[in-house]
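Fold and contact review
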Amino acid sequence: MLIALIERQGYHAIHVSKPALDLSGIRRPARSNDIDIGFLIVTEVKDPVDQAKSAKRISELLFDLSNRTGIVTGGAGTLGKAVVPGLLASGANVVIADCDMDAASKLTAALAPVYGDRVIAVSCDVADVESVQKMIKETVSRWGTINFVLNNAATAAQDPEVHYARFEDYSLAEWRRVMSTNLDGMFLVAQVVGRRMV
């Protein structure tokens, strides 16, 4: 609410949750109208190019994932393909964990020329505990640790008529197939990865 109020007054607000940031690289105008409110950085919007540069610098400070290792389940899917490059650009080592190994391998091959060996594809069926454990083992074998997981894998019925069936007509077998990935898979990955992270 505070950010919305500040932005209505012609300012750009960015919430900063990291204490003691080095903000020396952020360009500020000679006549600064910046206000520091706790961990909220507020900058007057005058030049959109300068604002974009400042926002980029703040983003780099907040989202530096150098020497961090993360797993993106469903990493070759619609959302995964959008998130993985951002994590790599922020410095992370990334495991593209997907049951579609062909798609995961293609994405890895596309990203490798830019990010080198910081991205790997690992076959994983999140609904299968042994497959999840194997994925964790490969990740730890490669980078020694796991710092974060994006529990993103999901599925739906391939046939639109089945997917959009009326509730009272929806097949229990299809429900269980979808939920084994969308619900059980989330639980299994969180549980197995959580044991490594605690």
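Scroll up to find the structure this text is about.
Residues numbered from 1 in each chain as written. Predicted model: local features only at pLDDT ≥ 70, side-chain atom pairs only at ≥ 80, totals over all residues. Heavy atoms only, no water.

Examining helix 4 (residues 101-115)
How we decide: To get the bend at a residue, fit one axis to the 7 residues ending there and another to the 7 starting there, then take the angle between the axes. A run of H or I in DSSP counts as a helix once it spans at least four residues, and a run of E counts as a strand once it spans at least two, with each numbered from the N terminus. Whether two residues touch is decided by their heavy atoms; if any such pair falls within 4.5 Å, the residues are in contact.
For helix 4, the principal kink sits at A109 and spans about 25 degrees; a proline, P113, occurs within the next four residues. On its buried face, helix 4 is in contact with helix 3 (78-89), strand 5 (93-98) and strand 6 (119-123). Of the residues trailing helix 4, G116 is marked for its positive phi of about 60 degrees.

Describing the packing of helix 3 against helix 4
As a reminder of what qualifies: For every element, the axis is a line fit to its C-alpha atoms; helices are fit only across the contacting stretch, and the angle between N-to-C directions ranges from 0 to 180 degrees. Should an angle lie under 35 degrees it is considered roughly parallel, over 145 roughly antiparallel, and from 65 to 115 roughly perpendicular; all remaining angles are considered oblique. Helix crossings get a hand from a simple test, with the near helix turned counterclockwise from the far one by less than a right angle marking a left-handed crossing and a clockwise turn marking a right-handed one. Each residue receives one of three labels: charged for Asp, Glu, Lys and Arg, nonpolar for Ala, Val, Leu, Ile, Met, Phe, Trp, Tyr, Cys and Pro, and polar for the others, Gly being one of them.
It is at 11 Å that the axes of helix 3 and helix 4 come closest, and there the two elements cross at 20 degrees. Between helix 3 and helix 4, the crossing angle belongs to the class labelled roughly parallel. As for the relative orientation of helix 3 and helix 4, their crossing is right-handed in sense. Within the contact between the two elements, helix 3 uses K81, V84, P85, L88 and A89 and helix 4 uses L107, L111 and Y115. Classifying every residue of the contact of helix 3 with helix 4 gives seven nonpolar, no polar and one charged.

Some details on the sheet that holds strand 6
This is how it is decided: Strands are labelled as partners when DSSP assigns at least two bridges between them.
In spatial order, the strands read 6-5-4-7; together these four strands make up an open sheet with parallel pairing. Looking along the sheet, the strands with just one partner apiece sit at the ends: strand 6 and strand 7 (148-150). Each strand of the sheet is rotated relative to its neighbour by a mean of 20 degrees, with strand direction disregarded. In the sheet, strand 5 pairs with strand 6 via five bridges, with the strands oriented parallel. Across the sheet, A97 pairs through a bridge with V122, a residue of strand 6. The strands touched by helix 4 are strand 5 and strand 6; relative to strand 6, the strand with the most contacts, the crossing angle is about 175 degrees.

Digging into the pairing of strand 5
Here is the rule we go by: Buried means the residue's accessible area, taken with a 1.4 Å probe over protein chains only, is under 20% of the maximum for its type, while exposed means over 50%, and partly exposed covers the values in between. We call a crossover right-handed when, viewed with both strands directed away from the observer, the connection leading from the first strand over the helix to the second proceeds clockwise.
By the criterion of burial, strand 5 is predominantly enclosed, with six of the six residues buried. Side chains N93, V95 and A97 of strand 5 all project onto a buried face; the interleaved residues V94, I96 and D98 project onto the opposite face, where all are buried too. Across five bridges, strand 4 (residues 69-73) lies against strand 5 in parallel orientation. If you follow G70 over to strand 5, its bridge partner there is V94. Each parallel crossover has a hand, and the one from strand 4 via helix 3 to strand 5 is right-handed.

Notes on the pattern of salt bridges
To keep it simple, the criterion reads: By definition, a salt bridge exists where a carboxyl oxygen of Asp or Glu is found within 4 Å of a side-chain nitrogen of Lys or Arg.
The full count for this structure, using the stated rule, is five salt bridges. Residue D169 pairs with R166 through a salt bridge whose shortest N-O separation is 3.2 Å. Summarising the burial analysis for this pair, D169 and R166 share the class exposed. One continuous salt-bridge network, built from bridges that share partners, spans R166, E168 and D169.

A few points about helix 3
The criterion, for reference: Starting at the helix axis, one direction is taken to each C-beta atom, and the arc is that of these directions.
Turning to helix 3, its buried residues number three or more, namely G80, V84, L87 and L88. Along helix 3, the residues classed as buried sweep out an arc of 95 degrees about the axis, all on the same side. Among the exposed residues of helix 3, those oriented more than 90 degrees off its buried face are T78, L79, A82 and A89. For helix 3, the elements touching its buried residues are strand 4, strand 5, helix 4, strand 6 and strand 7. G91, located one to two residues past helix 3, shows a positive phi value of around 100 degrees.

A closer look at the layout of surface pockets
Here is the rule: A cavity, in this analysis, means grid points on a 1 Å lattice covering only the protein atoms where a 1.4 Å probe fits yet has no way out; a pocket is instead an open set bounded by protein on both sides within 12 Å along at least five of seven lines, and a residue lines either one if it has an atom within 4 Å of a point. Grid points are joined across faces, edges and corners, and a volume is the space filled by probe spheres set on the points.
Taken as a whole, the largest pocket holds about 370 Å³ of empty space. Forming the walls of the largest pocket are 18 residues, and the residues nearest its centre are G74, D98, A153, A154 and T155. Put simply, the parts of the chain that give the lining of the largest pocket at least two residues each are helix 3 and strand 5. Here the residues of the lining of the largest pocket are counted per class, giving nine nonpolar, six polar and three charged.

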